[in-house]
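Descriptive structure summary
Chain by chain, the residues:
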Amino acid sequence: MKKVFVFLVVFSSFALFAQEKRLTFGIKAGLNYGDNGKIEIQDVANAGNNIFTRRADDRIGYHLGVFLRGNLTENVYIKPELQYTVNNSTYDSATGGDLDYNIQKLDLPILLGVSVLGPIHVFGGPSLQYMVENDLDDVRLGDVKNEFTVGLQFGAGLQLGRLNADIRYERGLSSNRAASIDEGIRVDSRPNQIILGLALDL
């Protein structure tokens with residue numbers, strides 16, 4: 001809860017700044033397409049040797065959130081966002097079935113953008129991430145190694161009046177695994193995905 005509070009304080013500080021500077025506030029939503037990292041299944045009865053390692057199959061998730069945007073110059077802006085994100089991955093268990101890994105998290109991207117040609121803009125920056133929940137089918141997972149991590153986002157968008165559409169790539173920067181409580185299974189919680197978003201200035 002303390003880390004969720006930190007997220008809210010950081011975003012609220014941007015909100016107060018926005019009120020003073022008359023910046024733009026808005027809402028956003030979109031789809032995420034990609035995966036998390038590898039799954040490793042070990043033979044716990046045989047000195048922890050790996051039985052197999054698999055990369056995830058790409059799946060579709062989604063996000064919902066709010067944002068602030070303010071111009072630093074005529075062509076340069078800063079845009080913090082606060083959003084709830086659901087990521088999904090599927091792993092082939094090599095035993096005839098699949099394992100679905102579902103992650104729910106809070107994201108706080110802090111993006112620096114530049115208008116390059118009319119309504120077209122490019123942007124990038126760090127994304128602070130707080131893990132709310134992670135589930136792997138019927139496997140009992142413990143807590144991830146780090147609930148609070150940092151990723152990187154960059155992309156391009158199109159601003160048409162109050163409506164903005166963008167496409168971006170996101171990647172977790174540091175290894176962050178969740179391990180099963182009573183089985184030799186470890187999964188990587190880092191996002192590796194393409195994000196499509198629509199935003200509306202209010």
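Everything discussed here concerns the structure shown above.
It should be emphasised that the depicted structure is a prediction, and the values quoted were computed from it without experimental measurement. (Residues numbered from 1 in each chain as written. Predicted model: local features only at pLDDT ≥ 70, side-chain atom pairs only at ≥ 80, totals over all residues. Heavy atoms only, no water.)

1. As for the overall build of the protein
- Of regular secondary structure, the protein possesses 1 helix and 13 strands.
- In the protein, the order of α-helices and β-strands from amino to carboxyl end is α-β-β-β-β-β-β-β-β-β-β-β-β-β.
- The buried share among the 202 residues of the protein stands at 43%.
- For the protein, contacts bridging at least 24 residues in sequence account for 66% of all contacts bridging at least 6.
- Total accessible area on the protein stands at roughly 10500 Å², and carbon and sulfur atoms take up 59% of it. (Helix = DSSP H or I, 4+ residues; strand = E, 2+ residues; numbered from the N terminus. Buried < 20%, exposed > 50% of the residue type's maximum accessible area, 1.4 Å probe, protein only. Contact = heavy atoms within 4.5 Å. Areas by Shrake-Rupley, 256 points an atom, 1.4 Å probe, with all protein chains shown as cover.)

2. With respect to empty space enclosed by the protein
- Per the counting criterion, the structure on display carries 2 cavities of 30 Å³ or more.
- A volume near 50 Å³ is recorded for the second largest cavity.
- Around the second largest cavity, the lining residues are Asn-32, Gly-34, Asp-35, Asn-36, Arg-59, Ile-60, Gly-61, Asn-87, Asn-88 and Gln-193.
- For the lining of the second largest cavity, the elements supplying multiple residues, two or more each, are β1 (24–35), β4 (59–71) and β5 (76–92).
- Per-class residue counts for the lining of the second largest cavity are 1 nonpolar, 7 polar and 2 charged. (1 Å grid on protein atoms, 1.4 Å probe; cavity = no way out; pocket = protein on both sides within 12 Å on 5 of 7 lines; lining within 4 Å. Points joined across faces, edges and corners; volume = space filled by probe spheres on them. Nonpolar A, V, L, I, M, F, W, Y, C, P; charged D, E, K, R; others polar.)

3. A short note on the packing of aromatic side chains
- Tallied over the full model, the rule gives 1 aromatic pair.
- Across from the ring centre of Phe-67, 4.6 Å away, lies the NZ or CZ of Lys-79, which sits over that ring. (Phe/Tyr/Trp six-rings, centres within 6.5 Å; stacked < 30°, edge-to-face > 60°. Lys NZ or Arg CZ within 6 Å of the ring centre and 35° of its normal.)

4. Topic: the layout of surface pockets
- Looking at the largest pocket, its volume works out to about 160 Å³.
- Around the largest pocket, the lining residues are Arg-69, Asn-71, Glu-74, Asn-75, Val-76, Tyr-77, Lys-79, Ser-115, His-121, Gln-159 and Asn-164.
- When residues of the lining of the largest pocket are traced back to their parent elements, those giving at least two are β4 and β5.
- A total of 3 residues in the lining of the largest pocket trace back to one element, the largest contributor, which is β5.

5. Focus on the environment of Glu-147
- Here Glu-147 shows up in the loop between β8 (141–144) and β9 (148–160).
- Separated by 17 residues in sequence, Glu-147 and Tyr-130 have C-alpha atoms that sit 5.5 Å apart.

6. Points about a nonpolar patch on the surface
- A grouping of Leu-31, Tyr-33, Ile-60, Tyr-62, Leu-64, Ile-167, Ile-194 and Leu-196 is seen on the molecular surface, where their side chains present a nonpolar patch of about 770 Å² in accessible area.
- For the nonpolar patch, the secondary-structure elements that each account for two or more residues are β1, β4 and β13 (192–201).
- Position of Ile-194 among the secondary structure elements: in strand β13.
- The exposure class of Ile-194 is partly exposed, given its relative accessible area of 35%. (Patch = residues over 30% accessible without salt bridge, like charges linked within 9 Å, V, L, I, M, F, W, Y side chains within 5 Å. Salt bridge = Lys/Arg side-chain N within 4 Å of Asp/Glu carboxyl O.)

7. Things to note about a negative patch on the surface
- Together, Asp-57, Asp-58, Asp-92 and Asp-98 line one region of the surface with negative charge.
- For Asp-57, the location among the structural elements is in the loop between β3 (49–54) and β4.
- The class for Asp-57 is partly exposed, based on a relative accessible area of 42%. (Lys, Arg positive; Asp, Glu negative; His and termini not counted. Charge placed at Lys NZ, Arg CZ, Asp CG, Glu CD.)

8. Here we look at the pairing of strand β6 (residues 98–117)
- Pairing between β5 and β6: 15 bridges, direction antiparallel. Looking at the pairing, Pro-80 lines up with Ile-110 of β6.
- Pairing of β6 with strand β7 (residues 120–136) involves 14 bridges; the strand directions are antiparallel. Within β7, the residue paired with Lys-105 across the bridge is Met-131.
- Hairpin geometry of β6 and β7 is characterised by an intervening segment of 2 residues between the two adjacent antiparallel strands and by a positive phi of about 60° at Gly-118. (Pairing = 2+ DSSP bridges.)

9. Concerning the pattern of salt bridges
- Summed over all chains, the structure comprises 7 salt bridges.
- Among the salt bridges present, the one from Lys-105 reaches Glu-170, with a minimum N-O distance of 3.9 Å. Of this pair, Lys-105 sits in strand β6 while Glu-170 sits in strand β10 (residues 163–172), placing them 65 residues apart in sequence. Note on accessibility: Lys-105 and Glu-170 belong to one class, buried.
- Connected through shared salt-bridge partners, Lys-28, Lys-79, Glu-81, Asp-166 and Arg-168 make up one network.

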